[in-house]
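Close look at the chain arrangement
In case you want the letters, here they are:
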Amino acid sequence: MDGFVFCINLRGGQGSNDKRVHRGAEGNLAWLKSPPLGYQPHHAAWFAATQRLFNQVAAFYFEVIAAHEVVLDLSAKEALTALETLTHATKENPTPVMPLAEIAENVPAMFRRAAIHAALGSAHSFYSHLAKWRKRKEKAQAKGKKWTSRPPVPPRSWNKSATLYAGQWKERHDSSIMLKLWTGTCWSWLRVRITGREVPADAELGSPSLIRRGNEWWLHTPLEKHFSSPPTIKKQVTTSASTKICAVDLNLNEQVAVCTIQAVAGTILATTFIGGGREISGFRKKQLGRIARNRHRTGIIAEGEQDNVDLWRKIRNRDEYLAHLVSARIVQFAKKHQATILVFEHLGNLKPQKGKYSRRGNSKRAFWMKGRILTYAKYKAWNEGIITSRVNPRKTSRECAYCQSLVVRYAQGMPAEGYTPGTPLVLCQACGMRGNADRNASLLIGQRLLAHYQQSTQGKPPTPLATERSVKTEGVVICQEAKSEEGPSILPARHADGNEHGTAHDV
Ligand SMILES: [Zn+2]
C-alpha cells in the first residue's frame, strides 16, 4: 500500500455579507451563521488565539530539543515519548525537567503532540542545515580557504498553522465540523459550517489544519488515498505485452500537446491533438502589448513594485487555467486508452527570442506553461496510477519515427525540402512518411522510452534517462478561488484518434 495525500482548501467566510459564502463555490468553509453558533467576529479571535498558543508550545519544544539534541536521533515515536517525559508531569513523572505547565497550562494532550511534531520538523530541518554548514566550513578551512558564510539560525519567530489532531475536532459531517479552540482563556468547542468538495469514497480524512490567509481563516484537510503503487516502468514494458504508453509532445504552436498511444511492441493505437495554443498566444500578446504601452506612457516603473497588476493577473490566470485543462486532457486520453505510462521529453532551457516586448514575453510564458502542464499532468496521472517519465529530447523533431532517417520540415504551400524549424509538416525522403511534425515527435518520444528499457534487458547498458516515479506524499493544494474568477471557456481541440500514418493534421 502506498499513501497519497492531497489537500482541499475549505474557505472561511468573513461574515454574513461575504458574497463568496453565499455563492456556494466549491470547497468553501463557512462559519454557521444562524444562532446559537453563528459567525461572530470574536470567533476569528479564537482561531488566532489557538494558532498563537500552538506556536508558543512549538517554540517551547524547539528549545527543549535544542537542550537535548539527542532526541533528534530517535524515531518520531521515541522522540515524542522522550519530550513528554522531559516536559509533562504525571504520577510516575511528577517533576519533569522543563515543565510545559510553566508556559501554558491545561494544554490538551493531542494539541501538545501536534505542536511537538511541528517542533521536531523544524528542529530536524535546522540541525541538518547546521550540520551541512559545519561540514562545508571544515572542508573550506582544511583547504585554507577563507570562510565567510554565516551559520543557519534557529527560527526567530513562529508562524505555523495549528494542526488539529483527533480529539481537537469531532462530529465531522459534509456540512459542519466541531473544533476545540483556545479562546484566550479556556478551551471551547465551536461548530463551523463546511461546504466542501465531496470526499472521494476511497479517501481517508487526515488531521485538519487552521490556516490564516490575510484576514480569513481556512481549514485544510489532507485526504489520504490508498492504492497499491503501480509496477515500475521497466517491469511494465519488459514483462507485459499488453502495456500501453502515452507519449506527449508539448509545443509552442497551436497544438499545445500532441499525444500518441503506443503498445510496447511499437504499434500506434491512437493520436490526439490538444489545441488552444493560438488563442492563448493571441490573448497574451494583446495583454503584454497593453502592458508595454502603459509602461511607455507612465515612463519609469517604480523599483520593487508590480505594475499593471490586473493585466498580469489576467495573463497568469489564463495560463494557469490552460495548463490545468491541457494536463487533465492528456491524462484523460491516457486513461481512456488504458495507458499506464506517460512520457514527455525533457524541456531543456528557454531559448530567448528576439523582437518586441510582447513577443519575447509571450514565448517566455509559453515555455513556462509547458513546464506547468508537465508538472500538473504528473500528479494527475499519479492519481490514476499512471507513472510519468521523461526522455532525452535530442532530435525528436529531426528524425523519422519509422526509419530514423533525417526528415524534411516544411509548411503547407512550401516545397517539401530542407529543414525549416517550427514548420508543421514532415516528410521522410527515405521511407516516404509524410505527416504532422509534432505527431512524429510524439511517436519518437514514446519509442525512446521503450527502446531504453527494452535495450537494457538485452544486456546492453541503458542510456541515461531520468525516470521519475512521482510518489507524492505531500499536498497538492487545489485552490478554488482562482477558478471562480473567469468562467471556463471550452478551448478548441481536435480528436484524431486512430489516425492513419501519413495524414497531415495541421490546418
Ligand atoms: Zn522514414
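Structural notes, computed from the coordinates.

**What to know about the overall build of the chain**
Within the chain, the regular secondary structure consists of 10 helices and 19 strands. Among the 507 residues that make up the chain, the fraction classed as buried is 45%. If you take every contact in the chain between residues at least 6 apart in sequence, the share linking residues at least 24 apart comes to 66%. On the chain, roughly 26,700 Å² of surface is accessible, and the fraction owed to carbon and sulfur atoms is 52%.

**Some details on the pattern of salt bridges**
Applying the stated criterion to the full structure yields 10 salt bridges. Measuring nitrogen to oxygen at the nearest pair gives 3.0 Å for the salt bridge that ties Asp-319 to Arg-365. In this pair, Asp-319 is assigned in helix 7 (residues 309–336) and Arg-365 in helix 8 (residues 357–383), connecting sequence segments 46 residues apart. For the pair formed by Asp-319 and Arg-365, the shared burial category is buried. It is possible to trace a salt-bridge network through shared partners that takes in Glu-84, Arg-112 and Arg-113.

**Remarks on the packing of helix 3 (residues 76–87) against helix 4 (residues 109–142)**
Contact pair helix 3 / helix 4: the axes reach a minimum separation of 11 Å and the direction vectors enclose 115°. Accordingly, the angle class assigned to the pair helix 3 and helix 4 is roughly perpendicular. Of the two possible hands of crossing, helix 3 and helix 4 adopt the one that is right-handed. Judged by residue contacts, Ala-79, Leu-80, Leu-83 and Glu-84 of helix 3 engage Arg-112, Arg-113, Ile-116, His-117 and Leu-120 from helix 4. In terms of residue class, the contact of helix 3 with helix 4 is made up of five nonpolar, one polar and three charged.

**Examining the layout of surface pockets**
Estimates place the volume of the largest pocket at around 1,400 Å³. Residue lining of the largest pocket: 42 residues in total, with Asn-251, Leu-252, Asn-253, Lys-370 and Gly-422 positioned closest to the centre. For the lining of the largest pocket, the secondary structure elements donating two or more residues are strand 10 (244–250), helix 6 (277–298), helix 8 and helix 9 (437–457). The element best represented in the lining of the largest pocket is helix 8, accounting for seven residues. Residues of the lining of the largest pocket, tallied by class, amount to 14 nonpolar, 14 polar and 14 charged.

**Examining the packing of aromatic side chains**
Centre-to-centre distance and the angle between the planes together describe a pair of aromatic rings. One pass over the full model with this rule turns up 10 aromatic pairs. Three or more aromatic residues joined by ring pairs make a cluster, and in this case those are Phe-54, Phe-111, Trp-182 and Trp-187. Taking NZ or CZ as reference, Lys-170 lies 4.3 Å from the ring centre of Trp-189, over its face. Its end group placed over the ring of Tyr-419, Arg-398 keeps NZ or CZ at 4.2 Å from the ring centre.

**Quick look at the packing of helix 7 against helix 8**
Interhelical geometry of helix 7 versus helix 8 gives an angle of 40° and a closest axis separation of 8 Å. Accordingly, the angle class assigned to the pair helix 7 and helix 8 is oblique. Crossing geometry of helix 7 relative to helix 8 is assigned as right-handed.

**Concerning the nonpolar core**
Judged by nonpolar contacts, the single largest core of 37 residues is most densely connected at Leu-53, Phe-54, Val-57, Tyr-61, Ile-65, Leu-83 and Leu-120. Of all the secondary-structure elements, those providing two or more residues to this core are helix 2 (41–67), helix 3 and helix 4. The residues touching Phe-54, leaving out its near neighbours within four places in the chain, are Phe-111, Ala-114, Ala-115, Ala-118, Lys-160, Ser-161, Ala-162 and Thr-163. Core analysis: the second largest hydrophobic core is formed by 28 residues, Val-256, Phe-333, Ala-334 and Ile-386 among them.

**Some thoughts on helix 4**
Owing to its 3.6 residues per turn, the α-helix aligns residues three or four sequence positions apart on the same side. Here helix 4 contains 34 residues, and its C-alpha end-to-end distance of 48 Å stays within 8% of the 50 Å for a straight helix at 1.5 Å per residue. Two residues or fewer after helix 4 comes Gly-144, characterised by a positive phi angle close to 75°.

**Quick notes on the coordination of the zinc ion**
Coordination sphere of the zinc ion, protein contribution only: Cys-400 (SG), Cys-403 (SG), Cys-428 (SG) and Cys-431 (SG), at 2.3 Å. Because the angles between the four donor atoms bound to the zinc ion fall within 98 to 117°, the donor set is best described as tetrahedral. Here the donor residues for the zinc ion map to a single chain with the spacing C-x2-C-x24-C-x2-C. Within this pair, whereas Cys-403 is found in the loop between strand 14 (387–391) and strand 15 (408–410), its partner Cys-428 is found in the loop between strand 16 (425–427) and strand 17 (434–436), the two being separated by 25 residues in sequence.

**Some words on the environment of Met-414**
Looking at where Met-414 falls in the secondary structure, it is placed in the loop between strand 15 and strand 16. Considered as a pair, Met-414 and Leu-425 are 11 residues apart in the sequence and their alpha carbons are 9.8 Å apart.

**Examining the side chain of Arg-365**
According to the relative accessible area criterion, Arg-365 is buried, its value standing at 11%. Beyond its immediate chain neighbours, meaning those up to four positions away, Arg-365 contacts Arg-284, Trp-312, Ile-315, Arg-316 and Asp-319.

**Some words on helix 3**
Look at helix 3: 16 Å from first C-alpha to last across 12 residues, which is about the 16 Å you get at 1.5 Å a residue. Those residues of helix 3 not exposed but buried are Ala-79, Leu-80, Leu-83, Glu-84, Leu-86 and Thr-87. In an axial view of helix 3, the angular spread of the buried residues amounts to 160°, which keeps them on one side of the axis. Packing partners of the buried residues in helix 3 comprise helix 2 and helix 4.

**Regarding a positive patch on the surface**
Together, Lys-285, Lys-286, Arg-290, Arg-293, Arg-297, Lys-314, Lys-356 and Arg-359 line one region of the surface with positive charge. Among the elements that take part in the positive patch, helix 6 stands out by supplying five residues, more than any other. Relative to the assigned elements, Lys-314 resides in helix 7.

How each quantity is defined
Residues numbered from 1 in each chain as written. Predicted model: local features only at pLDDT ≥ 70, side-chain atom pairs only at ≥ 80, totals over all residues. Heavy atoms only, no water. Helix = DSSP H or I, 4+ residues; strand = E, 2+ residues; numbered from the N terminus. Buried < 20%, exposed > 50% of the residue type's maximum accessible area, 1.4 Å probe, protein only. Contact = heavy atoms within 4.5 Å. Areas by Shrake-Rupley, 256 points an atom, 1.4 Å probe, with all protein chains shown as cover. Salt bridge = Lys/Arg side-chain N within 4 Å of Asp/Glu carboxyl O. Axes fitted to C-alpha atoms, helices over the stretch in contact; angles between N-to-C directions. Parallel < 35°, antiparallel > 145°, perpendicular 65-115°, else oblique. Left-handed = near helix turned anticlockwise from the far one by under 90°. Nonpolar A, V, L, I, M, F, W, Y, C, P; charged D, E, K, R; others polar. 1 Å grid on protein atoms, 1.4 Å probe; cavity = no way out; pocket = protein on both sides within 12 Å on 5 of 7 lines; lining within 4 Å. Points joined across faces, edges and corners; volume = space filled by probe spheres on them. Phe/Tyr/Trp six-rings, centres within 6.5 Å; stacked < 30°, edge-to-face > 60°. Lys NZ or Arg CZ within 6 Å of the ring centre and 35° of its normal. Core = buried A, V, L, I, M, F, W, Y, C linked by side-chain atoms within 4.5 Å. Expected span 1.5 Å × (residues − 1). Donors = N, O, S within 2.8 Å, 3.2 Å for Na, K, Ca; no water. Tetrahedral: all angles 85-135°; square planar, octahedral: opposite > 155°, others 65-115°. Arc of directions from axis to C-beta. Patch = residues over 30% accessible without salt bridge, like charges linked within 9 Å, V, L, I, M, F, W, Y side chains within 5 Å. Lys, Arg positive; Asp, Glu negative; His and termini not counted. Charge placed at Lys NZ, Arg CZ, Asp CG, Glu CD.

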